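# Breakdown of the fold
Here's the letter readout for the chains.
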Amino acid sequence: MFERLKQGIRVAAVALPIAIGGMSVAEADGLKIAMILPGPISDNDWNSVGYNGLQAAAKALGAEVAYSENVTDADAERILRDYASRGYGLVFAHSFSFGDAALNVAEDFPDTVFMAGTAKELAPNLGTYSNPDYQGAYLAGMLGAGASKSKTIGWVGGMPAPNMLANLHAYEAGAKEMVPDAKVLHTFIGSWFDPPKAKEAAIAQVEQGADVLSAQGVGVIDAALAKNVLALGAMTDQNHLGPKVVLTSVLWDLGPLVTAVGKAVEDKSWKSENWAYGIAEGSVKLADFHGLDANVPPEVLKAVQAKFDAIKSGAFTVPLDTSNAE
């Protein structure tokens, strides 16, 4: 492993990849897959999930993979175009805000398949993939409200994109199912990656009475540590960021989806549609409690497990609500 720091942008390679000109590339034959990410792959959050999914697909398919991290919206189209021009047959734009850039580039590279996270518009060679972690957010809401002593819980996210709104509303719905008079505070900080601002917003919610926080952005767990309240992690198992406060995390394993899309491209069965892998597919689940389940009443844990099983079997469908938050 090695790391290079240049102008505040972190470029790293682990296992298969080597770093070349700010992009990590793995040498292999067959399908070439690239991914651009809006933040650092070390964030233990959205970008880590994308990177881990890419690496899982590389192993499963024997594919050559490349990635670019810390990509701004202004640079997204240029970098997508570069990957397409270099023969990458499948390119992931791993951010809701990259949708327009992917649409523009897809038109000029009809033989390249593009996948944009929660895209607003599709094209014959541009599909989308949603993050159904809202299913896990429902469970997190149940846990948060059930563990709260104040009946007030918090949620801090980046921007009001559809997937984030779905997460928020599901979190609220789960909380209300468990504790009908629970109060759910929410804040969008206006950035996908601004740890100090996320921490500040979370502390403000604690000062308003929240004693459990949903960490939908890096920095929220820091606030939970500072204020000694419980936190619910997101995307990856974030307990190591706060072993005494991170109750559990809603995990999202993107590996099965990236692998399935890659296989479909290889066998020419790929279709421009919304790909979503959630609880039923084993991609969304709750992380280990690391002993902190002692903070949750047994009846709440039992109810959460029952709800998880119901979602997995199809007996219960978590409402998908992407309406604007009040």
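All residue numbers refer to position in the chain's written sequence, counted from 1. It should be noted that, the model being predicted, local features are given only for residues of pLDDT at least 70 and side-chain atom pairs only at 80 or more, the latter also being counted only at that level, while totals for whole chains, interfaces and linings use all residues. Heavy atoms throughout the structure, all of them, feed into the side-chain values; hydrogens and water do not.

## Digging into empty space enclosed by the protein
Method remark: on a 1 Å grid restricted to protein atoms, a set of points is classed as a cavity if a 1.4 Å probe fits but cannot get out and as a pocket if it is open with protein on both sides within 12 Å along at least five of seven lines; lining residues have an atom within 4 Å of a point. Grid points are joined across faces, edges and corners, and a volume is the space filled by probe spheres set on the points. For the structure shown, the criterion picks out two cavities of 30 Å³ or more. Reported here for the largest cavity is a volume of approximately 300 Å³. Every residue lining the largest cavity is counted, 25 residues in all, and those nearest its centre are Asp45, Trp46, Met164, Trp192 and Gln216. In this structure, the second largest cavity occupies an estimated 60 Å³ of space. In terms of lining, the second largest cavity is formed by Asp133, Gly136, Ala137, Ala140, Asn167, Tyr171, Ser214, Gln216, Gly233, Ala234, Met235 and Val250. Mapped by element, the contributors of at least two residues to the lining of the second largest cavity are helix H4 (134-147), helix H5 (162-178) and strand S13 (230-235). Each residue gets one of three labels, nonpolar for Ala, Val, Leu, Ile, Met, Phe, Trp, Tyr, Cys and Pro, charged for Asp, Glu, Lys and Arg, and polar for the others, Gly among them. The class makeup of the residues in the lining of the second largest cavity is six nonpolar, five polar and one charged. Labels follow the DSSP assignment, with helices taken as runs of H or I lasting at least four residues and strands as runs of E lasting at least two, numbered in each case from the N terminus.

## Section: the sheet that holds S13
Pairing between the strands of a sheet is mediated by backbone hydrogen bonds and can be parallel or antiparallel. Read across the open sheet, the six strands follow the order S11-S10-S12-S13-S14-S16; overall the sheet is mixed. What marks the edges here is a single partner per strand, and that holds for strand S11 (183-188) and strand S16 (284-286). Taken pair by pair, the neighbouring strands of this sheet meet at an average axis angle of 15°, ignoring direction. Direction of pairing for strand S10 (residues 152-157) relative to strand S12 (residues 212-215): parallel, over a ladder of three bridges. Strands were regarded as paired on the criterion that DSSP finds at least two bridges between them. To define axes, lines are fitted to C-alpha atoms, for helices over the stretch in contact only, and angles between the resulting N-to-C directions are given on a 0 to 180 degree scale.

## Thoughts on the packing of H4 against helix H9 (residues 298-313)
As a packed pair, H4 and H9 sit with axes 10 Å apart at the nearest point and diverge in direction by 170°. In terms of their interaxial angle, H4 and H9 are classed as roughly antiparallel. Contact residues: H4 offers Gln135, Tyr138, Leu139, Met142, Leu143 and Gly146, while H9 offers Val300, Leu301, Ala303, Val304, Lys307, Phe308 and Ile311. These descriptions rest on fixed angle ranges, namely under 35 degrees for roughly parallel, over 145 for roughly antiparallel, 65 to 115 for roughly perpendicular, and the rest for oblique. Residue contacts are counted whenever heavy atoms from the two residues lie within 4.5 Å of one another.

## Side note on the layout of surface pockets
Estimated volume of the second largest pocket: approximately 240 Å³. Lining the second largest pocket we find 18 residues, and of these Ser130, Asn131, Tyr134, Asn274 and Leu320 sit closest to its centre. Elements supplying a minimum of two residues to the lining of the second largest pocket: H4 and H5. With three residues, the top contributor of residues to the lining of the second largest pocket is H5.

## Observations concerning H5
Here a helix's expected span is defined as the number of its residues, less one, multiplied by 1.5 Å. When the terminal C-alpha atoms of H5 are compared, their 24 Å separation across 17 residues agrees well with the 24 Å that a helix rising 1.5 Å per residue should span. All of the buried residues along H5 are Asn163, Met164, Leu165, Ala166, Asn167, Leu168, His169, Ala170, Tyr171, Gly174 and Ala175. Turning to H5, the residues buried within the fold contact helix H1 (46-61), H4, S10, S11, S12 and S13. The rule is simple: take the accessible area with a 1.4 Å probe, protein chains only, and divide by the maximum for that residue type; under 20% is buried, over 50% is exposed, in between is partly exposed.

## A closer look at the pattern of salt bridges
By definition, a salt bridge exists where a carboxyl oxygen of Asp or Glu is found within 4 Å of a side-chain nitrogen of Lys or Arg. With the rule as written, the count across this model stands at eight salt bridges. Of the charged contacts in the structure, one is a salt bridge between Lys32 and Glu64, with a shortest N-O distance of 3.9 Å. Placement of Lys32 in strand S5 (residues 32-36) and of Glu64 in strand S6 (residues 64-68) is noted, with a sequence separation of 32 residues between them. According to the relative accessible area criterion, Glu64 is buried, its value standing at 13%. The partner of Arg78 in a salt bridge is Asp75, and the shortest N-O contact between them spans 3.7 Å. Of this pair, Arg78 and Asp75 both sit in helix H2 (residues 73-85), three residues apart, roughly one helical turn. Take Arg78: its relative accessible area is 53%, and that puts it in the exposed class. In this structure, a network of salt bridges that share partners links the residues Glu77, Arg81 and Asp108.

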